[in-house]
Amino acid sequence: MGLVIKALIGALMVVAIGLLSKTRNYYIAGLLPLFPTFALIAHYIVGTERSIDALRTTIIFGLWAVLPYMVYLISLYFLIGWMKLPYALLTGVICWSLAAWLLISLWTRFHA
């Protein structure tokens, strides 16, 4: 049942993004992916299955996890000027993946 609720929440977010993108305040659609839907789920699971220290570590890592998203946004901002949108999005995801890999590598090196 919990999986169905999580899937419904995700679907509602997609619908809300689609609806907002059609309004005159279309830019708000860029805020919705940052709603902590999955963070709430992750924090609840870690908080109930692990220690408070593990939850705090997860929260701190989440703060650092904003960096790959910033890399994605910055790369996409520049890429859409000289690439077709699908290629720019794909390249932005690749940039995010590289930044996330670097973050995980550095985190495990200094916090493991």
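The rules we used
Residues numbered from 1 in each chain as written. Predicted model: local features only at pLDDT ≥ 70, side-chain atom pairs only at ≥ 80, totals over all residues. Heavy atoms only, no water. Phe/Tyr/Trp six-rings, centres within 6.5 Å; stacked < 30°, edge-to-face > 60°. Helix = DSSP H or I, 4+ residues; strand = E, 2+ residues; numbered from the N terminus. pLDDT = per-residue confidence, 0-100. Contact = heavy atoms within 4.5 Å. Expected span 1.5 Å × (residues − 1). Buried < 20%, exposed > 50% of the residue type's maximum accessible area, 1.4 Å probe, protein only. Patch = residues over 30% accessible without salt bridge, like charges linked within 9 Å, V, L, I, M, F, W, Y side chains within 5 Å. Areas by Shrake-Rupley, 256 points an atom, 1.4 Å probe, with all protein chains shown as cover. Salt bridge = Lys/Arg side-chain N within 4 Å of Asp/Glu carboxyl O. Axes fitted to C-alpha atoms, helices over the stretch in contact; angles between N-to-C directions. Parallel < 35°, antiparallel > 145°, perpendicular 65-115°, else oblique. Nonpolar A, V, L, I, M, F, W, Y, C, P; charged D, E, K, R; others polar. Left-handed = near helix turned anticlockwise from the far one by under 90°.

1. Describing the packing of aromatic side chains
Within the structure shown, the criterion is met by 4 aromatic pairs. On the basis of an interplanar angle of 75° and a centroid distance of 5.1 Å, the ring pair of phenylalanine 61 and tryptophan 107 is categorised as edge-to-face. Taken together, the residues span a long stretch of sequence, with phenylalanine 61 in helix H3 (residues 52-64) and tryptophan 107 in helix H5 (residues 85-111) at a distance of 46 residues.

2. Regarding the confidence of the model for the protein
Per-residue confidence for the protein averages 92 on the pLDDT scale, and 98% of its residues sit at or above 70. The least confident element of the protein, judged by mean pLDDT, is helix H1 (residues 2-20) at 87; the most confident is helix H4 (residues 66-79) at 97.

3. Things to note about the environment of valine 46
Here valine 46 lies in helix H2 (residues 37-49). Note: C-alpha distance between valine 46 and threonine 58 (12 residues apart in sequence) is 7.9 Å. Every residue in contact with valine 46, bar those within four places of it in the chain, is listed here: Ser51, Ala54, Leu55 and Thr58.

4. Side note on the side chain of serine 75
Mapped onto the fold, serine 75 is located in helix H4. Beyond its immediate stretch of four places on either side in the chain, serine 75 contacts Gly92 and Cys95.

5. Let's talk about H4
Helix length check: H4, at 14 residues, gives a terminal C-alpha distance of 20 Å against a target of 20 Å (1.5 Å per residue), a fit within 8%. The secondary structure elements touched by the buried residues of H4 are H3 and H5.

6. Quick word on the environment of tyrosine 44
Residue position: tyrosine 44 is located in helix H2. On the basis of relative accessible area, tyrosine 44 is assigned to the exposed category, the value being 58%. In the structure, tyrosine 44 is positioned 11 residues away from leucine 55 in sequence and 8.8 Å away in space, judged by C-alpha atoms.

7. Points about a nonpolar patch on the surface
Where nonpolar side chains cluster on the molecular surface, the patch consists of Ile59, Ile60, Leu63, Trp64, Val66, Leu67, Met70, Ile74, Tyr77 and Phe78 and spans about 1,000 Å² of accessible area. Elements supplying a minimum of two residues to the nonpolar patch: H3 and H4. With respect to the helices and strands, isoleucine 60 occurs in helix H3. For isoleucine 60, a relative accessible area of 41% gives the class partly exposed.

8. Remarks on the packing of H3 against H4
One way to put it is that H3 packs onto H4 with a least axis distance of 4 Å and a crossing angle of 20°. In this view, H3 runs roughly parallel relative to H4, as classed from their interaxial angle. Contacts from Gly62, Leu63 and Trp64 in H3 reach Val66, Leu67 and Pro68 in H4. Taken together, the residues of the contact of H3 with H4 break down into 5 nonpolar, 1 polar and no charged.

9. A closer look at the packing of H2 against H3
Interhelical geometry of H2 versus H3 gives an angle of 155° and a closest axis separation of 8 Å. By the angle between their directions, the pair H2 and H3 is classed as roughly antiparallel. H2 and H3 meet at a crossing whose hand is right-handed. Counted together, His43, Val46 and Gly47 of H2 and Ala54, Leu55, Thr58 and Ile59 of H3 form the full contact between these two elements. By residue class, the composition of the contact of H2 with H3 is 4 nonpolar, 3 polar and no charged.

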